[in-house]
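Letter by letter, the chains look like this.
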Amino acid sequence: DAKTTQPTSMDCAEGRAANLPCNHSTISGNEYVYWYRQIHSQGPQYIIHGLKNNETNEMASLIITEDRKSSTLILPHATLRDTAVYYCIVRSRSQGNLIFGKGTKLSVKP
Amino acid sequence: EPEVTQTPSHQVTQMGQEVILRCVPISNHLYFYWYRQILGQKVEFLVSFYNNEISEKSEIFDDQFSVERPDGSNFTLKIRSTKLEDSAMYFCASKGGLADNEQFFGPGTRLTVL
């Protein structure tokens, strides 16, 4: 089973920041936090990952708490095309497969 | 930008028939995966493949399933005798190396078993 807990759904206004939380209280020292998203019926898409430092790329920012028990994915200026299911996944880098939970269904509204 | 491709996009078959789902991973990638997603449910891991052999498989991946990399470019998933409950989206993914972080997913094949 997935080691993470995420809200089932969230809404966000277009142009505003979307902040998606994830709890991973049982994360171990060698495990990373990964975020993927799945736009309706398409294949999942990698967004970002991190170990303990905050990370930023062209798609999003990842904020990880100091105790590493939770994190937040930030889409700084959400667009309608960001409407998707967002998955927070905890795994070690050597682990092959991804274990998906139910994720958060983000709806970006005009 | 390189991408994973899958064919066909939609496959309809009769129960008990064999199906082969095809994937072309990103060139030079070494790790290959199959996942499935039953309509309305979670994405589930099926199998991973490296160095021409299965490296990991889930309990879903029973004797009815097999994978093969018949040449340098294709990666296939075969279901020997399809059941109604095999109806799902099947996603192929590939990753460059062990230390690489990102799995690249294909667009999926929708399998409908009648």
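Here the structure is a predicted model, which is why all the values come from computation and not from measurement.

A. Spatial organisation of the nonpolar core. Residue and element names in this part refer to chain B. Judged by nonpolar contacts, the single largest core of 22 residues is most densely connected at Trp34, Leu46, Phe61, Val67, Phe75, Leu77 and Tyr90. Secondary structure elements with two or more residues in this core: strand S3 (19-24), strand S4 (31-37), strand S5 (43-50), strand S7 (65-68), strand S8 (75-79), strand S9 (88-95) and strand S11 (109-113). Residue contacts for Leu77: discarding those within four places in its chain leaves Val19, Ile20, Leu21, Trp34, Leu46, Phe61, Phe65, Ser66, Val67 and Tyr90.

B. Local environment of the sheet that holds strand S6 (residues 61-64) of chain A. Residues and elements named next belong to chain A. Taking strand neighbours across the sheet as the criterion, the 4 strands line up as S2-S7-S6-S5 in an open arrangement whose pairing is antiparallel. Across the chains shown, the open sheet's two edge strands, defined by having one partner strand only, are strand S2 (18-23) and strand S5 (55-56). Relative to strand S7 (residues 70-75), S6 runs antiparallel, the two sharing 4 bridges. The partner of Ile63 across the bridge, within S7, is Thr72.

C. Local environment of the pairing of S11(B). Residue and element names in this part refer to chain B. Where burial is concerned, the two faces of S11 differ: the one with Thr109, Leu111 and Val113 is buried and the one with Arg110 and Thr112 is not. Sheet topology note: the strand S2 (residues 10-13)/S11 ladder contains 4 bridges and is parallel. Paired with His10 across the bridge in S11 is Arg110. Here S9 runs beside S11; their pairing, made up of 3 bridges, is antiparallel. The partner of Ala88 across the bridge, within S11, is Leu111.

D. Molecular detail of the pairing of strand S4 (residues 45-50) of chain A. Residue and element names in this part refer to chain A. With 5 of 6 residues buried, S4 is to be regarded as a mostly interior element. With 5 bridges joining them, strand S3 (residues 31-38) and S4 adopt antiparallel strand pairing. In the strand pairing of S4, Val33 is matched with Gly50. The turn joining S3 and S4, which pair antiparallel and follow one another in sequence, is formed by 6 residues; a positive phi near 65° is taken by Ser41.

E. Region of the structure containing the state of the cysteines. Under the defined criterion, the tally for this structure stands at 2 disulfides over all chains. Residue A:Cys22 pairs covalently with A:Cys88 via a disulfide, S to S 2.1 Å. When the S-S torsion is -85°, as for the bridge of A:Cys22 with A:Cys88, the disulfide is left-handed. Of this pair, A:Cys22 sits in strand S2 while A:Cys88 sits in strand S8 (residues 84-92), placing them 66 residues apart in sequence. You'll find A:Cys22 and A:Cys88 in the same group, each marked buried. Put simply, B:Cys23 and B:Cys92 are joined by a disulfide, and their sulfur atoms are 1.9 Å apart. The chirality of the disulfide connecting B:Cys23 with B:Cys92 is left-handed, given an S-S dihedral of about -65°. Taken together, the residues B:Cys23 in strand S3 and B:Cys92 in strand S9 connect sequence positions 69 residues apart. Judged by its relative accessible area of 0%, B:Cys92 falls in the buried class.

F. Local environment of the interface of chain B and chain A. Between chain B and chain A, the residue contacts involve 19 residues of the former and 19 residues of the latter. Summed over both sides, the interface between chain B and chain A buries roughly 1,600 Å², with carbon and sulfur atoms accounting for 48% of that surface. For the pair chain B and chain A, the interface holds 0 salt bridges. The tally of links from chain B across to chain A stands at 3 residue pairs in polar contact (both at pLDDT 80 or more). Broken down by secondary-structure element, the contributors of at least two residues to the side of chain B that touches chain A are S4, S5 and S9 of chain B. Class assignment for the residues of the side of chain B that touches chain A results in 10 nonpolar, 4 polar and 5 charged.

The rules behind each value
Residues numbered from 1 in each chain as written. Chains lettered and ligands numbered in written order. Predicted model: local features only at pLDDT ≥ 70, side-chain atom pairs only at ≥ 80, totals over all residues. Heavy atoms only, no water. Core = buried A, V, L, I, M, F, W, Y, C linked by side-chain atoms within 4.5 Å. Buried < 20%, exposed > 50% of the residue type's maximum accessible area, 1.4 Å probe, protein only. Helix = DSSP H or I, 4+ residues; strand = E, 2+ residues; numbered from the N terminus. Contact = heavy atoms within 4.5 Å. Pairing = 2+ DSSP bridges. Disulfide = S-S within 2.5 Å. Buried area = accessible area lost by both parts, 1.4 Å probe. Salt bridge = Lys/Arg side-chain N within 4 Å of Asp/Glu carboxyl O. Polar contact = N/O pair within 3.5 Å; in protein donor to acceptor, adjacent residues only side chain to side chain. Nonpolar A, V, L, I, M, F, W, Y, C, P; charged D, E, K, R; others polar.

Function-wise, these values are silent; they only describe arrangement.
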